[in-house]
Amino acid sequence: MLSSAPPARSFLQKRVVTERKSEAVGFADLSRVVQLLQDPLSSSLKERQIFILRKVVKRCQHGFLLRDLADISKILNLCAEKVTDHPEYAKILCDLLQICGLPFLKEKASDETRFAAVATDCVSQMGYLMRIPLTEVRQQICASVMSFYSHNTHTHSSDGVYPTHVDYRGLMVERSGLAETLVMSLALMEKQLSIKLRLLQTLQILSRTSEVNCRVMLRAQAAQKICFHMSECDPTGPVLFRCSEILWNLLENGSRDELTAQLSNTDCIASLKEAFLHQLLNGFRHYDRQLRNDLLVLLSLIASNPSAPLIESGFVKHLTLFVTFPELKSHNPLVRNLKLSFNHEDFEMKKLLLNVIVVLSRDLAALQLFKEGRVMLGLMLLIKPRAPEPGSRCSWTPGQQEELQLQALACLISLAPLMLDDYMTCQGNTLLLLLLDWCLQEDSFSGRGHSFHGSGGQGGKKAQMRYCVRVLRSVVSLDLEALRQDLCDQGAIGQLLGVLRWFIGRPEAEDAVSLEIQIDSQFILSVLCEGDMHRKELFGSDGVEMLIQYLSLDAALIFSGLGHNKLLLSTVDCVWSCVVGCFGTEDVFVAGGGVDLLLQRLQLSPRHMLIALIGTLLELCESPRAVTRVQCWRGQRDVTAPQLLLQIWRSEEEETGLMRDRHGVIADVKRPVVSRPQDDPSSTSSSRDVSSAVRDVWENLRANIYCIFWKLGFEQLSGLSAEDLVTLSIIRRYLDFKVGEVLHEVRAELLSEGATPVSSDEEALKSLRQVSDDTVQNVRSLQQSILGRQQQEELREEKRLYEEIGFTHKQREIAAEAWRSYVARTSNYSVLKEFKRLREEGSTSDAPSEPALEGPETQHTLSDQ
C-alpha cells in the first residue's frame, strides 16, 4: 500500500493541474459560448448569455490563450452588435477588453509563431471597436491598448501557461495596423474631450519608439489630423502637449518629408501659429516655454518646404517682430507687452528664431518682409561687441550673448549677400572690420566655445574671427565693385594682412579653425586685389613678405590631412591676384626668393596642385628678373627648372595617354599630341561647341609648360639628358602640332556636315596638312638623331672604358714581370752578373739604361701608374 502512494499522488496532481487550467481559461466552453450568442433561438435568453459571459470573464481573468483568440474575437464582435440595443452588454464588453490588455498566454514556445495571424486579427479588432458610441467602451479600448503595448513586465503565469514577450506584443500591434485605425477614429471624438485626450495619449505611446507605427500613422494623414486639434479649446493644455509630442515622435521615427508635406497647408500652419502665439504671449511656466519652443521647431521644419504658405498665413510677418526683439523697440501690440525672462528657454527660442530666418531666406517674398522688419539692423546689434552688465537680470548672460553673436554672424553669411542694400545701409563693412579689429586685441575676453558655432574658440576670440571673415568672404564674392571699394577705403587690406601676421609663428595656428580663417583671409585679399593696380600697391611689401612666409611652409604638412594643402593653394592664388601684374610687388617677390619657393613647391607638390603653381610661374616669367631666377634655380638632387618642367611634361603625357615609344619618340605621326580624353566620344565637340583640340589646351599643363619654355628659350639649356632633349623637341613644336590638330578637326567637321570646300580651300587644306605632316616627320627625325648621337656617345664611352680596363691589365702584367725579374736577380748570382754586364755595355753605347736593382717600391710605383 505504501509503495502505491506516489503514483496516486502523481495522478491527482496532473488532474488538479488540468482542472486549474480549465478553470483559469475555460477554453473548451468558448466555442459553445459563441454558438450560444449566434443561435437565433437563444436571442431572448439575455440573462443566460450575460451569465455565461461573466463566467468566461472570471475564468479568463489572467489572460487569453493564443489558440482561443479566434473565438474571443467572435465574442467581442457579437457583444459589440448587441450593445447598441442592450446596454447591459457594455459592462461585459469592457471586462473582456480589459482582459485583452493583458499579455496573451501561450502553452508552447511555438504558439507565438503558430497563432501570429490570429493574434494580429484580435489586436486589429480592438481598434475597430472604437466605432461603438459608448464612452466607457472607448476609454477601456485606449486603456487596454496602452496596457498591452506597455513595457511593464507581467510576472503572472498559470501552471503550464506563460505570458508572451513584450516584443512579440509590439510586433502584433505593428502588423495589425492598430495605430492607423486609431488615427482614423479621431474624427469620431469631436465633442468628447476626455476620450480624445485618452486617444491622443494612446497614439503618443504607440509612436514613441516604433517606426512601423509612425509610418502607418502618416499613411492615415496623422500629422494633418492631429495638427487640426491643436487650436481647439483646451483650458488645461494637455491636448496641445499630446499633439506636439505625437508630431515629434512622427518626426523622429517617421518620414520627415512626409510629415512636412502634411503640415504644409494653410490650416495646419494657422493652427500651429495660433498655438505658438498663445504659448508665447500667455505662457509663463517652464512647461509652457518648452512647448512653445517645440512648436517653433515644427514651424521651422515647415519653413524648409518651399511650397509651404508661411507668408500667406502671416507667420513670417510676426516672425520678424520676434527676431528683432528685444534689440529693436516696436509699438506692435504683439510685442508691446511681451516680456522675456532671459532664461534658458527664452535663449533657445531666440536661437530658433535666428535659424528660421536663414531657412526662409530662400524666398524672395520673405526677404522683402525682412527688410520691412529691419532684420538686418537687429542682426548688426547682436554682433556688436558689448561689455557685460554684472548683476543685470534684463539681459543675456555673457555666455548667451556670445552664442547669439556667433549665430547672428552665421545668419549674416546667408542674408548679407541677399540683402546688400540693407547691409550697406547698416554700414555692415564698418561693423565687421571693427569686430575684426576687436578680435585681434588682447583683453580679458575669453570665449566659452560651448556652442556649435563656438567650436575652436574656447579661451579666445577665434570663433568670432572665423565667422567675421566668413561674412566678409560671402559679400566680396559678389561682383559688386562699390562694396569692394568701400572695404578697401576702410583699410580692409591692411586689417586682413594683420590677421595673417597674427597667425604666423603661433603654435595654435595649426588647427582646422585657424587654417580656415587664414584661407578665407587670403581669398578675400585675392578678390579685392585682382585686376586693380592700386590695391596691389596697397598690398605692398608687407603682403609679399607674408606670402613668402606661407610659401616656406614645411612640405610634410601638405600631406598631413589637416588642410595645409588648401592653405598653399590659397597662397598661390593670392600671389597670382595680389602680386602678378604690379612691377613693384613682383620685384619684391622675386628678390625675396618667391620664385625659388614656387619651384620648390612645384617639385614637391602632388599633381592636382601643379596647375596653380605653373600658371603663377608663367605669369611671373613676364619679368626678366623672374626668368633669370628660374634659369639659376637648383632643386633637390641638383635638378634644374628645365629638367623639372620636362619631367612634369612626361608625367602629363603618361597621365593623358599619349602614344610614345620607350624612348619618348613620337609613335603616332598622324596625331602627335592627341590625348586619350580627346578620343572619348562623350567629349567630342560639335560645330557649336569648343573644339576638343582647343579645350585640351586648358585642361592640362602642357600649354603652360610650352609658354614657360618660350620665355626661357629652347637653346643653351644646360644639364639636359638625351631623354630631355627628345621631350624638348616635342615641346618646341607643340604649337605647330596643335595647329595641325585643329586643321584635322576642321576637315572632319566639314565631312560630317556634308560640306565640300572649294578647290582653292581644298588645296590650302592639303598644303597645310602636308606642312603639318612634314613637321611631325622632321621632329621624329630629330628625335632619332638625338637618340643616335646618344647611342654613339654611349659606344664611345664604352670603348674608352674598355681601353682603360685593358691599360690597367697591361700595367699589372708589366708590374708582375718586373717583380719576377727582381726576384731572379736577387736570388741567382749568375743572373745578377749577366744583368750587370748588359748594363755596362749599355752605358758605353750611351743607350738609356735601367737601374741596377729595382726594389719593390719602384715596382709598385710602376704598377700603380
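Scroll up to find the structure.
Before going into details, it helps to say that this report is about the structure given with it. Bear in mind the structure is a predicted one, so any value in this text is a computation, not a measurement. (Residues numbered from 1 in each chain as written. Predicted model: local features only at pLDDT ≥ 70, side-chain atom pairs only at ≥ 80, totals over all residues. Heavy atoms only, no water.)

### What to know about the nonpolar core
Counted only if it meets this: We define the nonpolar core as a collection of buried residues of types Ala, Val, Leu, Ile, Met, Phe, Trp, Tyr and Cys that are connected through side-chain atoms lying within 4.5 Å of one another. Summary of the burial criterion: residues with accessible area below 20% of their type's maximum are buried, those above 50% are exposed, and those between are partly exposed, where the area comes from a 1.4 Å probe applied to protein chains only. The contact criterion used throughout is that any non-hydrogen atoms of two residues lie within 4.5 Å.
Core analysis: the largest hydrophobic core is formed by 236 residues, its most contacted members being I75, L250, I357, F370, Y423, F539 and L602. The residues contacting I75, other than those within four sequence positions of it, are L30, V33, V34, L37, L53 and L96. Ranked by size, the runner-up nonpolar core spans five residues in total, among them V665, A722, V726 and I786.

### Brief notes about the pattern of salt bridges
Short version of the rule: Salt bridge, as used here: a side-chain nitrogen of Lys or Arg that lies within 4 Å of a carboxyl oxygen of Asp or Glu. We count a stretch as a helix when DSSP gives it H or I for four or more residues in a row; a strand needs E for two or more, and each element gets its number in order from the N terminus.
The final tally for this structure, using the stated rule, is 33 salt bridges. The residue D520 makes a salt bridge to R473 at a minimum N-O spacing of 2.5 Å. With a gap of 47 residues between them, D520 in helix α29 (residues 512-529) and R473 in helix α26 (residues 462-476) connect regions that are remote in the sequence. The buried category is assigned to D520, whose relative accessible area is 7%. With a shortest N-O distance of 3.5 Å, E723 and R650 are connected by a salt bridge. Here the residue E723 occupies a position in helix α41 (residues 722-732), and R650 occupies one in helix α37 (residues 641-656), the gap between them amounting to 73 residues. According to the relative accessible area criterion, R650 is partly exposed, its value standing at 22%. Connected through salt bridges with shared partners, the residues R67, D68 and E107 form a single ionic network.

### Re a nonpolar patch on the surface
Put simply, the test is: Every patch collects residues that have over 30% relative accessible area and no salt bridge, joining them within 9 Å if they carry like charges and within 5 Å if they are nonpolar side chains (Val, Leu, Ile, Met, Phe, Trp, Tyr). The Shrake-Rupley method, run with a 1.4 Å probe sphere, supplies the accessible areas, and residue values consider only the shown protein chains as cover.
Side chains of V690, V694, W698, V742 and V746 sit close together on the surface and give an oily, nonpolar patch of about 400 Å² of accessible area. Of all the secondary structure elements, the ones that give two or more residues to the nonpolar patch are α39 (692-699) and α42 (734-752). Within the secondary structure, V690 is located in the loop between α38 (676-679) and α39.

### What about the state of the cysteines?
What counts here: When two cysteine sulfur atoms are found within 2.5 Å, that pair is recorded as a disulfide.
Inspection of every chain in the model, using the stated rule, returns zero disulfides. Lacking any disulfide linkage, C100 is separated from the closest cysteine sulfur, that of C122, by 4.8 Å. Note on C100: relative accessible area 0%, which makes it buried.

### Points about the packing of aromatic side chains
Just so we agree on the cut-off: Only centres within 6.5 Å qualify two rings of Phe, Tyr or Trp (six-membered ring in Trp) as a pair; their planes then separate them into stacked at under 30 degrees, edge-to-face at over 60, and tilted for everything else.
Applying the stated rule across the entire model yields twelve aromatic pairs. Between the aromatic rings of F276 and F315, the centroid separation amounts to 6.5 Å while the plane-to-plane angle is 75 degrees, which identifies the pairing as edge-to-face. With F276 in helix α16 (residues 266-282) and F315 in helix α18 (residues 315-323), this pair connects stretches of sequence that are 39 residues apart. Consider the rings of Y706 and F714, whose centres lie 6.4 Å apart with planes at 35 degrees: the pair is tilted. Note on accessibility: Y706 and F714 belong to one class, buried.

### Considerations on the packing of α18 against helix α21 (residues 364-372)
The cut-off we apply is this: Only the stretch in contact is used when fitting a helix axis, every axis being a line fitted to C-alpha atoms; angles between N-to-C directions are given from 0 to 180 degrees. Any angle from 65 to 115 degrees is called roughly perpendicular, while one under 35 is roughly parallel, one over 145 is roughly antiparallel, and all others are oblique. Each crossing gets its handedness from the near helix: less than a right angle anticlockwise from the far helix is left-handed, clockwise is right-handed. Three residue categories are used. Nonpolar comprises Ala, Val, Leu, Ile, Met, Phe, Trp, Tyr, Cys and Pro, charged comprises Asp, Glu, Lys and Arg, and polar comprises the others, including Gly.
In contact at an axis separation of 9 Å, α18 and α21 are set at 40 degrees when each is read in the N-to-C sense. In terms of their interaxial angle, α18 and α21 are classed as oblique. Considering how the two elements wind past one another, α18 and α21 form a crossing that is right-handed. Packed against α18, whose contacting residues are V316, K317 and T320, the element α21 presents A366, L369 and F370 at the interface. Considered class by class, the residues forming the contact of α18 with α21 number four nonpolar, one polar and one charged.

Note that every value here comes from positions in space, so none of it alone points to a role or purpose.
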